Structures are given as C-alpha cells and as structure tokens.
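Report on the structure
Here's the letter readout for the chains.
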Amino acid sequence: DQHEHSDIASSTGFEYTAAPSGPGPAEIEMLEEIEVLRQRLKDADAERDVLVSIVQDEVAEKQRVIDDLMQQRKQTEEKLRNAKENIEALTRQREEAVRVAAKAKATAKAAAAKAAEAVAAADA
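Here is what the cut-offs are and how they apply
Residues numbered from 1 in each chain as written. Predicted model: local features only at pLDDT ≥ 70, side-chain atom pairs only at ≥ 80, totals over all residues. Heavy atoms only, no water. Helix = DSSP H or I, 4+ residues; strand = E, 2+ residues; numbered from the N terminus. Buried < 20%, exposed > 50% of the residue type's maximum accessible area, 1.4 Å probe, protein only. Areas by Shrake-Rupley, 256 points an atom, 1.4 Å probe, with all protein chains shown as cover. Patch = residues over 30% accessible without salt bridge, like charges linked within 9 Å, V, L, I, M, F, W, Y side chains within 5 Å. Salt bridge = Lys/Arg side-chain N within 4 Å of Asp/Glu carboxyl O. pLDDT = per-residue confidence, 0-100. Contact = heavy atoms within 4.5 Å.

What to know about the overall build of the protein chain
Per the secondary structure count, the protein chain includes two helices and zero strands. For the protein chain, buried positions account for 2% of its 124 residues. When the accessible surface of the protein chain is split by element, carbon and sulfur atoms take 59% of a total near 11,500 Å².

See the structure below:
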C-alpha cells in the first residue's frame, strides 16, 4: 500500500517525504518577505495618512484665505457703496450751493441796482 502511494507520487513528479519538524529555509524566507511587505504596506499607509493630512491642512488654509477675501470683498463693497452715497450727497449739496450762490448774486445785483437808483435820485 505504501509502495503504491510512492509510485503515484513519483508518477506525478512529487516526491513524498516526511514533513520536517519546523519551517524550512524557503518558508522562512517567504515569511520574512511577507513581513517586509506588511511593513512596507504599513509605511505606505502612514505616508498616505501624512499626505492626506497635509492636503487637508492646505485645503483648510486656502478656505480660510477664501473666507478672508470674501469678507474683505464684502467690506470693500460696503465702503464703495458708502463712498458713492457720499459722492451723490456732496453732488446734491454742491448743486444746491450753486443755486443759492446764483440766487444771492442775483439778489446782490438787484440790490446794487436799487442802491444806484437811490443814489441817482438823491443826486437829482
């Protein structure tokens, strides 16, 4: 029966030997390679986590910059709106001052004409 098993093993190209008491050199080498690969995978995961963290920090900083710029834009637009309102108010005040000055000039001219008439009447 054992001879028959040996014939089958040799016909398939395998040699049947008793299992050694521990892992052989090839198995040890494979286990070491597996451990190296696991460590490399852990290192790659840690590197990825660091890179993701860096990118998240950069995104957060850029968002803060965007928020600051949006706030500055809002404040600048408010200042611009106020400046336009001030310009409009000053323009209205200037126009009113020109009207008042023109009216005062006309009143002064009329008063001067009356005074000249009064002087001429007094001289006559």
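We are not done yet, so read on.
A short note on a nonpolar patch on the surface
Taken together, Val50, Leu51 and Ile54 make up a surface patch of nonpolar side chains, about 260 Å² in accessible area. Here Ile54 is to be found in helix α2 (residues 25-123).

Some words on the pattern of salt bridges
Between side chains of opposite charge, a pair can form as their charged atoms come close. Tallied over the entire structure, the rule returns six salt bridges. As a salt-bridge pair, Glu77 and Arg73 come within 3.2 Å of each other at their nearest N and O atoms. On the criterion of helical spacing, the pair formed by Glu77 and Arg73 is a turn pair, its members being four residues apart in helix α2. Residue Arg99 is joined to Glu96 by a salt bridge in which the shortest nitrogen-to-oxygen separation is 2.7 Å. Highlighted residues: Arg99 and Glu96, both in helix α2, separated by three residues, approximately one helical turn.

Examining the confidence of the model for the protein chain
Low-pLDDT stretches of the model should not have their predicted coordinates read in fine detail. Put simply, the protein chain has an average pLDDT of 87, and 84% of its residues get 70 or more. pLDDT under 50 marks residues 1-16. Its contacts with residues more than four places away, or in other chains, come to three contacts.

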